[in-house]
Amino acid sequence: MEAPEAKTTASLFLQTLGGASSTIPPMWFMRQAGRYLPEYRALREKAGSFLDLCFSPDMASEVTLQPIDRFDLDAAILFADILLIPHALGQSLSFVAGEGPQLAPPTRAADLDAYQKRDVVEPLSPVFETVRKTRERLADDKALIGFAGAPWTVATYMLEGRSSRDPSVLRLRYYQDPDFITSLMAILVDKTVDYLIAQIDAGADAIQLFDTWAGGLPRDVLKVLSLDPMMAISKAVKKARPDTPVIMFPKGVGEKAVDYALSPQTDAIGVDTAMEPSWAREYLSRHTVVQGGLDPLVVVAGGDMMREAVSAILNQFDGAPYIFNLGHGFVPATPPEHVADLVAYVRSGDWRSAKKDARR
Ligand code: CP3
């Protein structure tokens, strides 16, 4: 795709989503707010539970802004969770330390009617208040990203009651009872559209859809369970709010990422750790904006190992509209000083000379 040079006014992140390239790419990081930051851990303790933190707009807004204050990133991502939708649909949710989310009881066919009738916007109003407060406090040249889980990933949690230890369980369930799964997904599409439109109306500048468990699905099944529902959400959101870009993150789909990149509903595609940057540059950048790719674990290691990985990615995407990010979220063991080094290295532009040195 032909990439005009980005202007320096307004948000570089949004200009890049519009298809502009820049000498230094805009950047933000998945899980940029979280347990690796001492200031997050302090507020998290004050809030009591993770859900209390998500539903306290003052604190959630502060947590959203913590990584911006510390690292001057180009975009903030709303502090919330993909599991707030099942919670708003009436499925009890708790986060157990060391074990992750627990939803109980798992969703059954009999629950679907009740879900369909449920409004998610009213119970999630504290989230929109967080968006409003954050947008007010955020500089004009910084973007605020709203988000939701893609229906397939959210469904895995709803049906298993916790993080899926084996995604094949649900894939089999789809083959055995496709109507139940696709009915649940259709409900999640509708509810997610309502939720995202309310985030945009409160001030979100862009949206990201996370499909963490999209990997491992055969292409025709992936279309039904991941691609079509994500595109249906984006289409409905864009119909209602045409100017909001939507970033798709179908994790682990490999070469099938092209199907997502080709859709007019996709403004950008997130690439994961396993995807070869040269492949993404060749087969995804020609259709859409690319985001991400850096292994979050090299940031735990830091130093030359991290700089070499960053240089390899950035030189690959040089000249294309590209948003620097990870291939999945930061892990709690990430030293914040390494993140500061990472940001400084990307902004320095030294990764360009690193490429020349390597060629000598
Ligand atoms: O900074 C940000 O990225 C914004 C906030 C955000 C969180 N979760 C906060 C969070 C976002 C965008 C998410 C998305 C999310 N949540 C996904 C998709 C992306 C991905 O990571 O794959 C998924 C699958 C979830 C579900 C979820 N939430 C799990 C599995 C867990 C437990 C795992 C863990 O890391 O403990 C959560 C909890 C969660 N969501 C935390 C944070 C900061 C940690 C909770 C804590 O503070 O105790």
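This one's a predicted model, so the numbers in the text were calculated from it and none came from an experiment.

Caption draft 1: Broad picture of the overall build of the protein chain. The helix and strand tally for the protein chain stands at 17 helices and nine strands. Projected onto its principal axes, the C-alpha coordinates of the protein chain cover approximately 65 × 45 × 40 Å. Burial status across the protein chain gives 56% buried among its 360 residues. Nonlocal contacts in the protein chain, meaning residues at least 24 apart in sequence, comprise 72% of its contacts between residues at least 6 apart. In the protein chain, the 37 positive side-chain charges and the 46 negative ones have mean positions that sit 1 Å from each other.

Caption draft 2: Structural context of the packing of aromatic side chains. Here the structure, examined in full by the defined rule, presents 12 aromatic pairs. A ring pair is formed by F317 and Y322, whose centres lie 4.3 Å apart and whose planes are at 5°; its orientation type is stacked. Among the residues examined, F317 registers a relative accessible area of 2% and is labelled buried. Judged by relative accessible area, Y322 falls into the buried class, the value being 4%. Put simply, the rings of F29, Y36, F324 and F330 touch in pairs and so form one group of aromatic residues.

Caption draft 3: Examining the sheet that holds strand β1 (residues 75-77) more closely. Pairing is parallel in the open sheet, where seven strands are placed in the order β1-β4-β5-β6-β7-β8-β9. The open sheet is flanked by β1 and β9 (322-323), the only strands paired with a single partner. Across three bridges, β1 lies against strand β4 (residues 143-149) in parallel orientation. The residue bridging I77 from the neighbouring strand is I145, located in β4.

Caption draft 4: Inspection of helix α15 (residues 303-317) at higher detail. Its 15 residues give α15 an end-to-end C-alpha distance of 22 Å, which sits within 8% of 21 Å, the value for a rise of 1.5 Å per residue. Looking one or two places after α15, you find G319, whose phi comes out positive at around 95°.

Caption draft 5: Here's a closer look at the environment of V300. When you line up the elements, V300 lands in helix α14 (residues 296-301). Sequence separation of V300 and M59 is 241 residues, and the distance between their C-alpha atoms is 27 Å. Contacts of V300, omitting those with residues within four sequence positions, involve V331, A333, T334, P335 and H338.

Caption draft 6: Structural view of helix α8 (residues 151-160). Within α8, 10 of the 10 residues are buried, which leaves the element mostly enclosed by the surrounding structure. The set of residues buried in α8 consists of P151, W152, T153, V154, A155, T156, Y157, M158, L159 and E160. Just past α8, the residue G161 takes up positive phi, approximately 80°.

Caption draft 7: Expanded view of the site of the ligand. Taken together, 22 residues lie around the ligand, and R35, Y40, D81, T212 and H328 are the ones closest in. In this structure, H328 approaches the ligand through a side-chain N or O atom, which is 2.7 Å from an oxygen atom. At the level of secondary structure, the elements contributing two or more residues to the shell around the ligand comprise α2 (38-47) and β3 (100-104). A breakdown of the residues in the shell around the ligand according to their chemical character gives 13 nonpolar, five polar and four charged.

What counts, and at which threshold
Residues numbered from 1 in each chain as written. Predicted model: local features only at pLDDT ≥ 70, side-chain atom pairs only at ≥ 80, totals over all residues. Heavy atoms only, no water. Helix = DSSP H or I, 4+ residues; strand = E, 2+ residues; numbered from the N terminus. Buried < 20%, exposed > 50% of the residue type's maximum accessible area, 1.4 Å probe, protein only. Contact = heavy atoms within 4.5 Å. Lys, Arg positive; Asp, Glu negative; His and termini not counted. Charge placed at Lys NZ, Arg CZ, Asp CG, Glu CD. Phe/Tyr/Trp six-rings, centres within 6.5 Å; stacked < 30°, edge-to-face > 60°. Pairing = 2+ DSSP bridges. Expected span 1.5 Å × (residues − 1). Near = heavy atom within 4 Å. Polar contact = N/O pair within 3.5 Å; in protein donor to acceptor, adjacent residues only side chain to side chain. Nonpolar A, V, L, I, M, F, W, Y, C, P; charged D, E, K, R; others polar.

Function-wise, these values are silent; they only describe arrangement.
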